[in-house]
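As a plain string of letters, each chain reads:
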Protein chains: 2
Amino acid sequence: MAHDLTTLFCPKSIAIIGASRSPEKVGATVLKNIIASGFKGDIYPVNPNASNIGNLWCYKDTASLPVIPDLAVIAIPVPDALDVLTQVGEKGIKNAVVFSAGFKEAGEEGKKLEDRLIEIAQKYSINVLGPNCLGFVNNLCPVNVTFGEVVSASGNLRFISQSGAIASSLFDWCKSNNVGFSQFVTLGNKAVINENDVLEYFRNTPSMAVGLYLESISKGSEFLKLTAEISKTNPVFLLKPGKTRAGAKAMLSHTGSIAGEDAVLEAVLSQAGVIRCLTLEDFFDLSRSFAWAENIKGPRVAIISNAGGPAVISADAVINEGLELAEFDTETLLKLQQILPRSAGILNPVDVLGDALADRYAKAADVILANTEVDALIVILTPQVMTQIEKTAENLGNLSKKYRKLIFCSFIGGSLVAEGEQKLNELKIPHFRFPERAIWAVGKMWWYKNHQNLKQSITQNQIQQVPNLDQIKQIMHQATPNEIIALAGIAVPDSAIVPGLQEAKGFASKCGFPVVLKLFSPTLLHKKAIGGVITDIENNPQLESAWKELESHHLDIQIQKQVPPGVEVIIGVKKDPNFGPVLLFGAGGSYAELICDRNLCLLPIDLPRAKQLVAKSKIYSFLAESSLDKLYETIVRLANLALNIPEISNIEINPAIVMSDGVLAVDCKVLF
Amino acid sequence: MAHDLTTLFCPKSIAIIGASRSPEKVGATVLKNIIASGFKGDIYPVNPNASNIGNLWCYKDTASLPVIPDLAVIAIPVPDALDVLTQVGEKGIKNAVVFSAGFKEAGEEGKKLEDRLIEIAQKYSINVLGPNCLGFVNNLCPVNVTFGEVVSASGNLRFISQSGAIASSLFDWCKSNNVGFSQFVTLGNKAVINENDVLEYFRNTPSMAVGLYLESISKGSEFLKLTAEISKTNPVFLLKPGKTRAGAKAMLSHTGSIAGEDAVLEAVLSQAGVIRCLTLEDFFDLSRSFAWAENIKGPRVAIISNAGGPAVISADAVINEGLELAEFDTETLLKLQQILPRSAGILNPVDVLGDALADRYAKAADVILANTEVDALIVILTPQVMTQIEKTAENLGNLSKKYRKLIFCSFIGGSLVAEGEQKLNELKIPHFRFPERAIWAVGKMWWYKNHQNLKQSITQNQIQQVPNLDQIKQIMHQATPNEIIALAGIAVPDSAIVPGLQEAKGFASKCGFPVVLKLFSPTLLHKKAIGGVITDIENNPQLESAWKELESHHLDIQIQKQVPPGVEVIIGVKKDPNFGPVLLFGAGGSYAELICDRNLCLLPIDLPRAKQLVAKSKIYSFLAESSLDKLYETIVRLANLALNIPEISNIEINPAIVMSDGVLAVDCKVLF
């Protein structure tokens, strides 16, 4: 594949293979769309049964084209589509859009056809978009190479959608909401070109928000690098259906159970600065927000409402979404007092009262937007007897131009407010049916802005060497997890697997009481729950009775020097098949899953990043400050151990005990 | 107040005091609305400056009315409204609607006016609705006594809204969505009539769903009794803005901290069978659902979609909302195979493919709805090239009539799908812009149905006597919490507050080692975190060094016989000022707040209810089965102690240790 997609998405000439006069055919619709989009380049219809289509000359086949066009659009069914792709390759055309369905999505037979398509694309170095896709729109070119109904002005959004159906919904939604986009690419089966290729192309084109609808993420690490790069300057938001439910299959480690696939996705997206949408509504709401809104500068939100209840609801939502209610200074309060009736509420949220006309809304908004302590304004309206809905919208339009601050509206009702909504759409002020949705969107915009401020990055850390690496590699399949971890430079209490009571007694007399006796098994997750851990063994008689108790399980028995009291934490690394190794830190011990203190970080990790990770944990406030540095070190060492030994799929310490004078890895687990 | 509201909400005659010819006046609008609503009774306009309004004779004042009308509508400003109310009382009119604002909501002065209004209402036994309200609509009468824009057919909903603004939004929304209601009452300031009075009235009128928008809940226990009663036969859903954020003020007990005001509200509503809405969108979505939908019989949901992604999203949502994906039997699968193309997905969710016409949707829906294993059908549509939006809606309308099963739709897009939405509204099939919202609503309907099945009730339990009650009352202000709890029949470990090391040694030699030494203070919440608890003291030298450590805090010191290992739980009772005493059970110990195992129950509680409560806790699976009965007993005893001593505002055991052979209350706290 030739990686430069410039001539694909902004071609100077297009051949349409399967172009047609019959209006119901895909080949007719795409031709109509290309012409209607104002495409300035040359169009070459290819159809063996026509000499012209409209006033365009029609060619018998690809070979007879008078030039090598930049792009071939393949609008004919399988299996002929494959022969045509070969002809396209032979002609030397480097870009193709394949609409045809019946490939991988249609089962085994289709999968074979798709493999063949990939071979042809590789042989001739063709950038193939699709198959089974709806094509793309590039309003910057302009060109509309889809067979959908697309009426869209150019605008500040770029979309990549794996699904043509979602694209159709978005086209319809954009049109009726006056939302424009600059580029819209549907991926279909991603046989050749995937989201990463398109993101790579977007990276070098004008700066605007990117909305991603992906049913699968190709090459996770590459995806994260690209989105992290783009999100430095432009918001990226993603909807990915199909949260994996891990409940069904048993988990072999706490890390696996706490950091399920969806938790990993959540963490890595967040680290890359990608805003995650959990619902279709989220995705549409953010599209609207990023299409029109000014960039938010801070988290301070003011609210104006003509109804008390929705104002209170919105104030709650502001806090829930991690935003702040702006506090008005005396000057602002005095001004509001002057322009509002006596019984109005002048503290934020501002209640302009049920009889507020458009003018009162405008005056209040003007005062509030002028306040430098306000970063965003939410305007709520309910259609009461005297409410001037359209006029209020118009006034807000003027203020939006004047202040260039973020104004989000929620006019709550039905057909009365629909006119206001339409006016707001014309004025490009984001409107949401319910105030909570507006505030959710502001919250996400602020999260993104804040992430930019933190200047986090996915790849800033180096993998470091691990002590005794060669020795570890030699013994790792025979040694106990504690031995491996000790070699890697992590403190563990004295312990041994003992074959009999005598050896246990020997251990105790050497290392001293109190000791702990526990079952040892690589697959046993909840030892404590089945009585497999006996602590506080103070002398030989107690050791004897403990031994008798555990013996009955017929498993290996481990004896360990008892660790002084401290706080139990879990530190684990699991290798995600798509995104790579991820580290988990949180509250540990038997209740780890209950507390669900889920703090994840893509590896590699360094000490400052480990510090950040620990600081955001729930258990943080319970940890002795004197041992924090030791804890960060333990985290980084475990991470490096996992990174240096690719065979390890999962490694965890649970619990590690954080005492006032150090950290001890009490119970460890290594899965290969 | 005369409690029967029948003549208020279904009057035979109405006097409108402040009736007016000027169309912009409230007194004109309400007159117009009453006439337009088709009110069959007599109307008496009262206005000193007019002899007639339209073709109605106009009276100078209330005294000159020729009859005593059932209802007086007061549409004149304060303070005159109060004089008029007195005249209404003197005339012997028993019901009044007061629109006038400027009462409690307007500050101190207004509050005085409102107190005066209440006095007058009490003196003359007038049922006053308002003041500061929008009035009411009763489509069963029919009569529209509001000054808002209300165009609503009669329908299967009843609303009570404290806010006139929200009522305006709902009126507008109902009209444009073809949703009808039978009764709509706005409460305003609730000076005389509150939601409980209206609910009491609703209880005796025809059976349909009740939507409540309340900014405050009056008399919590009464409210719960009424809603629990109504929800036995009819769904009740509530939106209450203003979640209290407890973060700001320090909490004196774990119970107070875990069971904040909002958690209590959540728990008591759930116990009463009231569906709680958290957002305005929730409220509108449930209004639509209960207006039209058949009652759901079970949790099994089928999905039909012409797009794969939204189908996957919806399948996830089904699980998230506590529903199940229906499993199709072989017969259903074979039928679907016959009618759908080869590459369609016939397993649930069913993918009818992007080229599905209305007929294919209908055939698939027909097969699925005929399946007795399906309780609800979600139909998802994206507007693709060939999609027949309106026709699909029509077909679903026919199937809805045929099967009388719940069908919820989500047609995703903009203006193209808007026509489908309108058609669905005409056919009274609930449509949601996004599939997740449809499934959320189905989930709530099923939760409600399930609650009905469980036949829970708020008041089934009796308060039981507590052993040693008189003795407890005598000593409770001097005794330690452990002593009080022990007297109430709950097992506690031996313990004593000891003035010096000698006494501590005496305790240990009497009760035996190991012992625990801990700081004793009624206000100290996190003893362990500050090193205020020393366990595993095995002998006198250890006791001496522990004593030295704790002495430095200059607090009382408690010595306790060490409890064998077990699972730490919290059992606490707090008295909610509005809803009364509530019991908390969950994971306890130092990490109680982290685990946030929040299981609440309104008191009184009996053993079966205690069992239910424990069974739904997170910590449940960690508890020794052999001690569960003891645990239920401990819970009921603590509850009865709190109920029998009204002075106790807060009582908790944290932790109680659940061992394999019993339960011990290790650390207790009583607040008065």
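Up top is the structure these notes are about.
This report concerns the structure included in the present document. (Residues numbered from 1 in each chain as written. Chains lettered and ligands numbered in written order. Predicted model: local features only at pLDDT ≥ 70, side-chain atom pairs only at ≥ 80, totals over all residues. Heavy atoms only, no water.)

### Let's talk about the relation of the copies chain B and chain A
1) Next: Note on the identical chains: chain B maps onto chain A by a rotation of 180° and an axial translation of 0.1 Å, with an RMSD of 0.1 Å. Classification of the inter-copy transformation places it as that of a two-fold axis. Scanning chain B for the C-alpha nearest the rotation axis identifies Ile595 of chain B, at a separation of 2.2 Å.
2) Next: Of all interface residues in chain B, 100% are interface residues in chain A too; the two copies therefore contact each other through one and the same surface. (Least-squares fit on C-alpha atoms with pLDDT ≥ 70 in both. Contact = heavy atoms within 4.5 Å.)

### Structural notes on the interface of chain B and chain A
1) Next: At the junction of the two partners, chain B supplies 59 residues and chain A supplies 59 residues.
2) Next: For the pair chain B and chain A, the two sides together bury roughly 4900 Å², of which 65% comes from carbon and sulfur.
3) Next: A per-residue breakdown of the area chain B buries against chain A is headed by Asp172, Tyr591 and Leu594 of chain B, which together make up 13% of the total.
4) Next: Taken together, chain B and chain A are joined by zero salt bridges.
5) Next: Linking chain B with chain A are 16 residue pairs in polar contact (both at pLDDT 80 or more), by the criterion used here.
6) Next: Considering each element in turn, the side of chain B that touches chain A owes the most residues, eight residues, to helix H11 (residues 308-320) of chain B. (Buried area = accessible area lost by both parts, 1.4 Å probe. Salt bridge = Lys/Arg side-chain N within 4 Å of Asp/Glu carboxyl O. Polar contact = N/O pair within 3.5 Å; in protein donor to acceptor, adjacent residues only side chain to side chain. Helix = DSSP H or I, 4+ residues; strand = E, 2+ residues; numbered from the N terminus.)

### A word on the pairing of strand S11 (residues 183-186) of chain A
Residue and element names in this part refer to chain A.
1) Next: Going residue by residue along S11, you find Gln183 and Val185 tucked away on one face and Phe184 and Thr186 tucked away on the opposite face as well.
2) Next: One ladder, built from three bridges, connects strand S8 (residues 135-138) with S11; its direction is antiparallel. When the bridges of S11 are listed, Val137 appears paired with Phe184.
3) Next: As judged from the four bridges shared by strand S10 (residues 157-161) and S11, these two strands associate in the parallel manner. From the neighbouring strand, Ser161 faces S11, where its bridge partner is Thr186.
4) Next: In this view, the connection linking S10 to its parallel neighbour S11 by way of helix H5 (residues 164-177) has right-handed handedness. (Buried < 20%, exposed > 50% of the residue type's maximum accessible area, 1.4 Å probe, protein only. Pairing = 2+ DSSP bridges. Right-handed = clockwise from strand over helix to strand, strands pointing away.)

### Comments concerning the sheet that holds strand S5 (residues 71-74) of chain A
Residue and element names in this part refer to chain A.
1) Next: Spatially, S2-S1-S5-S6-S7 is the arrangement adopted by the five strands of the open sheet, whose pairing is parallel. The sheet is open, and its two edges are formed by strand S2 (42-46) and strand S7 (127-129), each paired on a single side. Mean inter-strand twist for the sheet, computed between neighbouring axes without regard to direction, equals 20°.
2) Next: Direction of pairing for S5 relative to strand S6 (residues 95-98): parallel, over a ladder of three bridges. The residue of S6 that forms the bridge with Val73 is Val97.
3) Next: Running over the sheet, helix H3 (residues 80-91) touches strand S1 (13-17), S5, S6 and S7 and is turned about 170° from S5. (Axes fitted to C-alpha atoms, helices over the stretch in contact; angles between N-to-C directions.)

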